[in-house]
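Chain by chain, the residues run as shown.
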Amino acid sequence: MERMKKLTLRVVLLSYLYSTSCLSQIENKDNNIIVVANIDSTEITLSRQQVKNLFMGSSLGYNFEVTTLPPSSLVRVNFNTQVIGLTEDRIQSFWAQMRFTGRKVQPKQIDNVESLLEYVETTPGAVTYLPASTKLPSHLKVLYKTEHF
Amino acid sequence: MSIYLKIIPIGLCIFAGLISASLKAETNSIDFSGFSRVVAGILDDKNATYKEYDDSVSFAPQSLLGIQVEGHITANWSVTTQLLAHTSNEKESSLNWLYTTYQATDALQFKFGKLRTPFFNYSDFKDVGYAYPWISPPQQVYNGFLFDSYEGASASYELVEDNFSINTEAYWGQFQDEITIGGRTVAADVNQIRGIILSIQFDNLKLRLSSHSGNANIELPEITGFADTLNQVGYSSMANQLETAGAVNVYQISLNYDALAYFIKSEAVQISSSILVFPDIDSYYLSAGYVHYPFTIHATFASSQVSYSRTQSTIRPGLAPELDTLSSAFDALYDNLVRDNLDSIGIGLRWDFKSNMALKIDLTRLLGKKNESSFFTISDAEAFNHKANLVQVAWEWVF
């Protein structure tokens, strides 16, 4: 059952990425995602549902500053597919609803992985998602990791 | 004078004052954002119009531009205004929202000011077409017939657990403006508008339950005049049935499922009132969509049943010609009340061709009921068979 779910998810992700014409670039790379935070505690681990809630504007009570990559980023596509479980258009629709009803604020976006890593390294409380293969400085804690590939 | 003409200068002055105060404060920023839609539609029938659409292509009914300005006064306080410009003849361009937000904690938020009434899933952002898959949310539920804004306060609290989250929202306020009921635009004074909304999210499933009510006083001088006449001739029980003030109650439930490649949306609504001329409405829709990014196709079935409390004249026939006339008029009143019973089946396609922009096409088969208006404005009742097809295309943009 678990293998079937992983296989289905892999098929869905690969078709999705193929439809955005990125397949040739990613076939040989690790598409797993890690969620990292600049916090002191080593005790916190998050479930997929908690990560989804966090990146969709809910507070988990840890005073995190959520940061993300822009829609054009392949890492964001991986994250949307594996963790949020929604396509980019529906995520943008959700944020449009939140913005124009004054309910929630979209997380800060930073242009690329390098700048994002630098921001999170130097900002206490910042949390974001990165490719699993990213070399992390020791003070960043991994709160969640996908295991789909 | 329209209430908006009164609010706008006051609101802008307050807003300008707060903004200039904030520009002197340390924590300050002003954010501009907005949304726009260009919508064209055509109805394939020359004997009626539907939502201002007739048998020639028209861009006016639903195209609009919304601008939102948000000023951050402190880390917890902000002021937001949203201005809306419509091309439609039936809608005034106006101040859509004007409120201040106090974010007490990450989970608790208060808003004060002019706010959109959050009756149903899409009620308070119905103008932001980009935010939902159809061009128009199903008319049977989202017919804009209730008081769509209020002046007051709202509070919302979110509880987030490992596997689920619950959002509770409550609001209270009043409304003094025009509403459209039974195809007519009338002045309404609604006080003690209040509601509570519970949203529960469990993985991909979202349940929303809400209950709303208000005390409405609707200006219908011909009904009030008729009631006065009935009182004068001693038929107060009949006059009392023509009361234009009373309670309006609204109940809503929806269940949505959102997976990566597909979604299901369903919503059911019940509106009831003690006011005779305010219809009792039961309506619902069921929608399913398939997503193959950047395309979404969807199909929707929707239905509304409208009824009115049955009234009948208690004047004995033959007492006097004038009384017979009054009696017939009273019975005719019930028969002539507008009934918007409508079934519809629609399919649509959405293409997210660019970030923050989408193109949509919707085809809707409207299945009205004989001898009823079914949301149509009928120009030739003899020729119209109460069925028509509506085609709409739209370009949506948020910025």
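What you see is a predicted model, and the numbers here were worked out from it, not measured in a lab.

> So what's going on with the overall build of chain A? Which residues, and what values?
When you go through chain A residue by residue, the secondary structure sums to 6 helices and 5 strands. N-terminal to C-terminal, the α/β element order of chain A is α-α-β-α-β-α-α-β-α-β-β. Looking at the 149 residues of chain A, the share that counts as buried comes to 54%. In chain A, once contacts between residues fewer than 6 apart in sequence are set aside, the share between residues at least 24 apart is 72%.

> Before we move on, could you go through the pattern of salt bridges and cite the residues and values that matter?
Enumeration according to the criterion identifies 11 salt bridges over all chains in this entry. Between lysine 104 of chain A and glutamate 158 of chain B there is a salt bridge, and its shortest N-O distance comes to 3.1 Å. Taken together, the positions of lysine 104 of chain A in the loop between α5 (88-100) and β3 (108-109) and glutamate 158 of chain B in strand β7 (residues 149-160) put the pair across two chains. With relative accessibility at 19%, the residue lysine 104 of chain A sits in the buried group.

> Describe the pairing of strand β10 (residues 205-218) of chain B, naming the residues involved and giving the relevant values.
All names here are of chain B. Pairing of strand β9 (residues 184-202) with β10, which is carried by 13 bridges, proceeds in the antiparallel orientation. Looking at β10, one finds that isoleucine 200 is bridged to leucine 207. Hairpin connection from β9 to β10: 2 residues lie between these consecutive antiparallel strands, with aspartate 203 at a positive phi of about 55°. Sheet topology note: the β10/strand β11 (residues 245-258) ladder contains 13 bridges and is antiparallel.

> How would you summarise the interface of chain A and chain B if you had to cite specific residues and measurements?
With 32 residues of chain A at the interface, the matching set in chain B holds 39 residues. Summed over both sides, the interface of chain A with chain B buries roughly 2,900 Å², with 49% coming from carbon and sulfur. Taken together, chain A and chain B are joined by 5 salt bridges. We note a salt bridge from arginine 90 of chain A to aspartate 258 of chain B, for which the minimum N-O separation is 3.1 Å. Here chain A and chain B share 20 residue pairs in polar contact (both at pLDDT 80 or more) between them. Looking at side-chain class alone, the side of chain A that touches chain B contains 7 nonpolar, 17 polar and 8 charged residues.

> Help me get a handle on the packing of helix α4 (residues 74-84) of chain A against α5 of chain A, residues and values and all.
Residues and elements named next belong to chain A. Remark: α4 packs on α5, axes separated minimally by 10 Å, with the N-to-C direction vectors making an angle of 80°. When the axes of α4 and α5 are compared, the pair comes out roughly perpendicular. Facing α4, whose interface residues are Arg76, Asn80 and Ile84, α5 presents Glu88, Ile91 and Gln92. Of the residues belonging to the contact of α4 with α5, the class tally is 2 nonpolar, 2 polar and 2 charged.

> I'd like a rundown of the environment of alanine 259 of chain B, residues and numbers included.
If you trace the backbone, alanine 259 of chain B turns up in the loop between β11 and β12 (262-273). The buried category is assigned to alanine 259 of chain B, whose relative accessible area is 10%. For the pair alanine 259 of chain B and leucine 205 of chain B, spaced 54 residues apart in sequence, the C-alpha to C-alpha distance is 9.0 Å. With residues up to four places along the chain from it excluded, the contact list for alanine 259 of chain B reads Gly85, Leu86 and Arg90 of chain A together with Asn204 of chain B.

> Tell me about the nonpolar core, and please be specific about residues and values.
One finds Leu146, Ile179, Ile218, Leu230, Leu242, Ile271 and Phe278 of chain B to be the most contacted residues of the largest nonpolar core, which totals 65 residues. Those residues in contact with phenylalanine 278 of chain B that lie beyond four places of it in its chain are Phe145, Leu146, Ile179, Ile181, Ile218, Val248, Ile271, Ser273 and Tyr308 of chain B. Formed by 38 residues, the second largest nonpolar core is a distinct cluster that contains Phe94, Trp95, Tyr129 and Tyr144 of chain A.

> So, the packing of aromatic side chains: which residues are in play, and what are the values?
Tallying each qualifying case throughout the model produces 30 aromatic pairs over all chains. Note on phenylalanine 79 of chain A and tyrosine 129 of chain A: the rings are 3.9 Å apart at their centroids and 10° apart in plane angle, and the pair reads as stacked. Taken together, the positions of phenylalanine 79 of chain A in helix α4 and tyrosine 129 of chain A in strand β4 (residues 126-131) put the pair 50 residues apart, joining distant regions of the chain. Judged by relative accessible area, phenylalanine 79 of chain A falls into the buried class, the value being 2%. For tyrosine 129 of chain A, a relative accessible area of 1% corresponds to the buried category. Each member of the aromatic cluster is reached from another via a ring pair, and the members are Phe119, Phe120, Tyr122, Phe125, Tyr132, Trp134, Tyr142, Phe147, Phe175 and Tyr285 of chain B. The ring of tyrosine 334 of chain B has arginine 339 of chain B sitting right over it, with the charged end atom 4.9 Å from the ring centre.

> Give me the lowdown on the side chain of lysine 104 of chain A, citing residues and values where you can.
Separated by 3.3 Å, the side chains of lysine 104 of chain A and serine 58 of chain A make a polar contact. In this structure the side chain of lysine 104 of chain A is engaged in a polar contact, spanning 3.1 Å, whose partner is the side chain of glutamate 158 of chain B. Residues in contact with lysine 104 of chain A, not counting those within four places in the same chain, are Met56, Gly57, Ser58, Trp95, Met98 and Arg99 of chain A together with Glu158 of chain B.

> Can you lay out the sheet that holds strand β2 (residues 65-68) of chain A for me, pointing to particular residues and giving the numbers?
Two modes of strand pairing occur in sheets, parallel and antiparallel, and in both the strands are linked by backbone hydrogen bonds. Residues and elements named next belong to chain A. The 5 strands are arranged β3-β2-β4-β1-β5 in an open sheet whose pairing can be described as mixed. Of all the strands in the sheet, just β3 and β5 (141-145) have a single pairing partner and so form its edges. Here strand β1 (residues 33-37) runs beside β4; their pairing, made up of 5 bridges, is antiparallel. Following the sheet pairing, valine 35 is matched in β4 by tyrosine 129.

> With reference to specific residues and values, describe the packing of helix α2 (residues 221-232) of chain B against helix α4 (residues 321-336) of chain B.
All names here are of chain B. Running from N to C, α2 and α4 cross one another at 140°; their axes reach a closest spacing of 12 Å. When the axes of α2 and α4 are compared, the crossing they make is left-handed. Residues Ile223, Phe226, Thr229 and Leu230 of α2 pack against Leu326, Ala329, Phe330 and Leu333 of α4. Partitioning the contact of α2 with α4 into residue classes produces 7 nonpolar, 1 polar and no charged.

Rules of the game
- Residues numbered from 1 in each chain as written.
- Chains lettered and ligands numbered in written order.
- Predicted model: local features only at pLDDT ≥ 70, side-chain atom pairs only at ≥ 80, totals over all residues.
- Heavy atoms only, no water.
- Helix = DSSP H or I, 4+ residues; strand = E, 2+ residues; numbered from the N terminus.
- Buried < 20%, exposed > 50% of the residue type's maximum accessible area, 1.4 Å probe, protein only.
- Contact = heavy atoms within 4.5 Å.
- Salt bridge = Lys/Arg side-chain N within 4 Å of Asp/Glu carboxyl O.
- Pairing = 2+ DSSP bridges.
- Buried area = accessible area lost by both parts, 1.4 Å probe.
- Polar contact = N/O pair within 3.5 Å; in protein donor to acceptor, adjacent residues only side chain to side chain.
- Nonpolar A, V, L, I, M, F, W, Y, C, P; charged D, E, K, R; others polar.
- Axes fitted to C-alpha atoms, helices over the stretch in contact; angles between N-to-C directions.
- Parallel < 35°, antiparallel > 145°, perpendicular 65-115°, else oblique.
- Core = buried A, V, L, I, M, F, W, Y, C linked by side-chain atoms within 4.5 Å.
- Phe/Tyr/Trp six-rings, centres within 6.5 Å; stacked < 30°, edge-to-face > 60°.
- Lys NZ or Arg CZ within 6 Å of the ring centre and 35° of its normal.
- Left-handed = near helix turned anticlockwise from the far one by under 90°.

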